[in-house]
Each structure stands twice: as C-alpha cells, then as structure tokens.
Amino acid sequence: MPEGHTLHRLARLHQRRFAGAPVAVSSPQGRFADSAAAVDGRVLRRTSVWGKHLFHHYVDGPVDGPIVHVHLGLYGTFTEWARPAGAPVPEPVGQVRMRMVGADYGTDLRGPTVCEVIDESQVSDVLARLGPDPLRNDADPAWAWTRITKSRRPIGALLMDQTVIAGVGNVYRSELLFRHRIDPFRPGQRITEAEFDAVWTDLVALMKIGLRRGKIIVVRPEHDHGPPSYLPDRPRTYVYRRAGDRCRVCATTIRTAVLEGRNVFWCPTCQA
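All of the points below concern the structure found in this document. Source: prediction; values computed, not measured. All residue numbers refer to positions counted from 1 along the written sequence of the respective chain. Reporting of local features is limited, given that this is a predicted model, to residues whose pLDDT is at least 70; pairs of side-chain atoms are given and counted only at 80 or more, and all residues count toward the totals for whole chains, interfaces and linings. Heavy atoms from the whole structure form the basis of all side-chain values; hydrogens and water molecules are not counted.

**Brief notes about empty space enclosed by the protein**
Phase 1: Using protein atoms alone on a 1 Å grid, points that fit a 1.4 Å probe yet trap it form a cavity, whereas open point sets bounded by protein on both sides within 12 Å along at least five of seven lines form a pocket; residues with an atom within 4 Å of a point count as lining. Grid points are joined across faces, edges and corners, and a volume is the space filled by probe spheres set on the points. Going through the model one piece at a time under the given rule, you end up with one cavity of 30 Å³ or more.
Phase 2: In this model, the largest cavity occupies a volume close to 60 Å³.
Phase 3: Residue lining of the largest cavity: I148, I155, L159, L177, I182, I191, E195, F196 and V199, and that is the complete set.
Phase 4: Runs of E in the DSSP output that reach at least two residues are strands. Runs of H or I that reach at least four are helices, and both are numbered from the N terminus. At three residues, the largest contribution of residues to the lining of the largest cavity is made by helix α7 (residues 193-213).
Phase 5: As a working rule, the residues Ala, Val, Leu, Ile, Met, Phe, Trp, Tyr, Cys and Pro are called nonpolar, Asp, Glu, Lys and Arg charged, and the rest polar, with Gly in that last group. Looking at the lining of the largest cavity, its residues break down into eight nonpolar, no polar and one charged.

**Side note on the sheet that holds strand β3 (residues 53-60)**
Phase 1: A pair of strands is considered paired only if DSSP assigns at least 2 bridges between the two. The strand order β2-β3-β4-β8 describes an open sheet built from four strands, whose pairing is antiparallel. Two strands lie at the open edges of the sheet, namely β2 (44-50) and β8 (114-118), each paired on one side alone. Ignoring which end each strand starts from, the neighbouring axes of this sheet average 20° apart.
Phase 2: Sheet topology note: the β3/strand β4 (residues 63-71) ladder contains seven bridges and is antiparallel. Bridging from a neighbouring strand, D60 pairs with V63 of β4.
Phase 3: Contacts between residues were defined by any pair of non-hydrogen atoms, one from each residue, lying within 4.5 Å. Lines are fitted to the C-alpha atoms to define the axes, a helix being fitted only along its stretch in contact, and any angle between axes, read from their N-to-C directions, falls within 0 to 180 degrees. The strands touched by helix α1 (residues 4-18) within the sheet are β2 and β3, with β2 carrying the most contacts at an inclination of about 175°.
Phase 4: Set on the sheet, helix α3 (residues 120-128) makes contact with β2, β3, β4 and β8; between it and β3 the angle comes to about 165°.

**Digging into the pattern of salt bridges**
Phase 1: Take a side-chain nitrogen of Lys or Arg and a carboxyl oxygen of Asp or Glu: if they are within 4 Å of each other, that pair is a salt bridge. All told, the structure shown has ten salt bridges when counted by the stated rule.
Phase 2: Across the pair R42 and D60 runs a salt bridge, and its minimum N-O distance is 3.1 Å. Of this pair, R42 sits in the loop between α2 (33-39) and β2 while D60 sits in strand β3; the two residues are 18 residues apart in sequence, bridging distant segments of the chain.
Phase 3: When a residue's accessible area, from a 1.4 Å probe over protein chains only, is under 20% of the maximum for its type it is buried; when over 50% it is exposed; and in between it is partly exposed. The class of D60 is partly exposed, set by a relative accessible area of 38%.

**Observations concerning the packing of helix α4 (residues 141-149) against α7**
Phase 1: Contact geometry for α4 and α7: axes closest at 11 Å, N-to-C directions at 135°. Our classification of the angle between α4 and α7 gives oblique. The chirality of how α4 crosses α7 is right-handed. Within the contact between the two elements, α4 uses P141, A144, W145 and I148 and α7 uses E193, F196 and W200.
Phase 2: Classifying every residue of the contact of α4 with α7 gives six nonpolar, no polar and one charged. Between 65 and 115 degrees an angle is taken as roughly perpendicular, under 35 as roughly parallel, over 145 as roughly antiparallel, and anywhere else as oblique. Each crossing gets its handedness from the near helix: less than a right angle anticlockwise from the far helix is left-handed, clockwise is right-handed.

**Concerning the packing of aromatic side chains**
Phase 1: When the centres of two rings from Phe, Tyr and Trp lie within 6.5 Å, Trp using its six-membered ring, the rings pair. Their planes under 30 degrees apart give stacked, over 60 give edge-to-face, and anything left gives tilted. Tallied over the entire structure, the rule returns six aromatic pairs.
Phase 2: Measuring from ring centre to ring centre gives 5.5 Å for Y240 and F265, while their planes differ by 75°; the resulting arrangement is edge-to-face. Placement of Y240 in the loop between α7 and β9 (255-259) and of F265 in strand β10 (residues 262-266) is noted, with a sequence separation of 25 residues between them.
Phase 3: When its relative accessible area of 13% is taken as the criterion, Y240 is described as buried.
Phase 4: These aromatic residues form a ring-pair network of at least three members: W145, F196 and W200.
Phase 5: A cation over an aromatic ring shows up here: R181 above the ring of F178, its NZ or CZ 4.7 Å from the ring centre. Sitting over a ring, as applied to charges here, requires NZ of Lys or CZ of Arg to be within 6 Å of the ring centre and within 35 degrees of the ring normal.

**Brief notes about helix α6 (residues 170-179)**
Phase 1: Judged by how many residues are buried, α6 sits mostly within the fold: ten of ten residues are covered.
Phase 2: Within the sequence span of α6, burial applies to N170, V171, Y172, R173, S174, E175, L176, L177, F178 and R179.
Phase 3: Of the surrounding secondary structure, the elements contacted by the buried residues of α6 are α1, α5 (155-158), α7, β9 and β10.
Phase 4: Directly beyond the C-terminal end of α6, a positive phi value near 55° is found at R181.

**What about the state of the cysteines?**
Phase 1: Put simply, a disulfide is two cysteine sulfurs that come within 2.5 Å. The full count for this structure, using the stated rule, is zero disulfides.
Phase 2: No disulfide involves C250; its nearest neighbouring cysteine sulfur is the one of C267, lying 3.5 Å away.

**Side note on the environment of G244**
Phase 1: Inspection of the secondary structure assignment puts G244 in the loop between α7 and β9.
Phase 2: Distance from G244 to T256, taken between C-alpha atoms, is 8.4 Å for residues twelve residues apart in sequence.

**Focus: α4**
Phase 1: Among the residues making up α4, those that are buried are A144, W145 and I148. Down the axis of α4, the buried set is contained in an arc of 100°. They therefore lie on one face.
Phase 2: The N-cap of α4, judged by a side-chain oxygen 3.1 Å from the amide nitrogen of A142 a few residues on, is D140. Throughout, the arc means that of the directions going from the helix axis to the C-beta atoms. Side-chain atoms alone can form a polar contact between residues adjacent in sequence; in general such a contact is a pair of N or O atoms within 3.5 Å, and within protein one must be able to donate a hydrogen while the other accepts it.

Structural data, given as structure tokens:
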C-alpha cells in the first residue's frame, strides 16, 4: 500500500498538470461512470491530501463544486501519460476506473479501494476519522501523543493506525522503530514523551525526503552498505522485509511476526 508521501507527490503532480483548466473525466471501466459525469468538463481548482486520502477539488461556476475522493488501498495506482499537441488520446489499457485528460497530460486510475464524488461536509467526515498527517503544515503531534500515551496497544500497531497518525505504512513503521531502538510490541503507555518527540521529528524528516525523492530512504549513510535492498531499485532498509537476514548494525538475525494483521519486522537486540 502506498505510504503518505506517495499521495502528496501525486497531488503535486496533478496540481501542476491539471489545475486551473477544464478536465475531461471518464470511466472506461464503467464503475465510476455516473460520478465521472458529475465532474467531466469542470475546472480542477486544487488538489489536497490527508494521510492516504487524495482529493481533487472542482469548481461549479463561481463556487466550490464536487470533490473526487481517492484512496488507493493495496492495489490502486495512477498511470501518468503525456499528450503531445494534436495527438489522439490513447486507448485505455486494463480496468481503468477513472481517466483524467487535460491539455497536455492524462492519468489513468486502476484498482483503488475508494473512488467517489463527495462534497465538503463528507470530506470533513473523512478527515475527522484521521490523525495528524506529518507532511501537512497544520499537523498537531499532540493529538497522536495523547492517543498513544493512553493506549495499551503495541506501539507498532498504533503507528499504523490511521486514526493516530495518518499516512504511515509498514515500511515507515518498522524502520522508525528500529531507528529509535523501540520494540514494536511495547505498549503505547510505556513510550516516553521524549521517545515520541524524537520519533515524530524523524518521521517528518523521512517523509519529506520521500516526498522530494519519490522513494523511502531510511538507512543512515554509515550503515548504507552490505546486503542489497529487498527488491531491485529500492533503497536499503534496516529491517523491513529482511526477516532471516543479519542486522546491519549488530548482525543479529532480523525477526518478523504478525501484529494486528500486518507483518512487522525488528531486530531483537537493537530493539530489546
């Protein structure tokens, strides 16, 4: 599942390519056809993101209009493509839920968990269920800290809970806890305020790097050597998807377990 920085990159890209002009919106697959018709030909005013939720805000004459809400989920993806002047629009490939076509670019959305048209009040309902987004200027970490310090749930589960912090996925969760030497199974109540402050500050910095570079980079330069990354063209990680390999810091075997339905990875020595 894409983590929060990916949605922020998409929002910036769509803002540059489509905002300020009418956008042709369709649903080649058909599942989004009625909703696509509600925004087809309207001007895209702006894009916004909170956590893993992307919003396309359209105008309705002089006032705010309908909003397309997208959550990519596990399998959703946008495919971007250029549209040279005068060139025909390419035929859609596969199950395209939503297609956006502007003057010079287009994008195809496939496989999202959510793709719907909503209004401002419904956007507020979505945001009310989410914790602070580390990449937003209005993020309030005190909200997350209050939830964590009152919970007996493991910190590894709390970091993945979008009602606590919005935008954190499995990679950032596992890597943050390693970087701060915190056992993922330690209850939230046993996290100190100093530990939380350090984790939050680090999370903001790492997600800003992800936003700028387009990929998650978590291994410090002094540890950026040894075994390759878990997949080609991916940066190295300390523990994520490295179960059975040796820790880059202490050489202990990395472990994995299922925590509230998701695999978590950690070093039993560094995170004792």
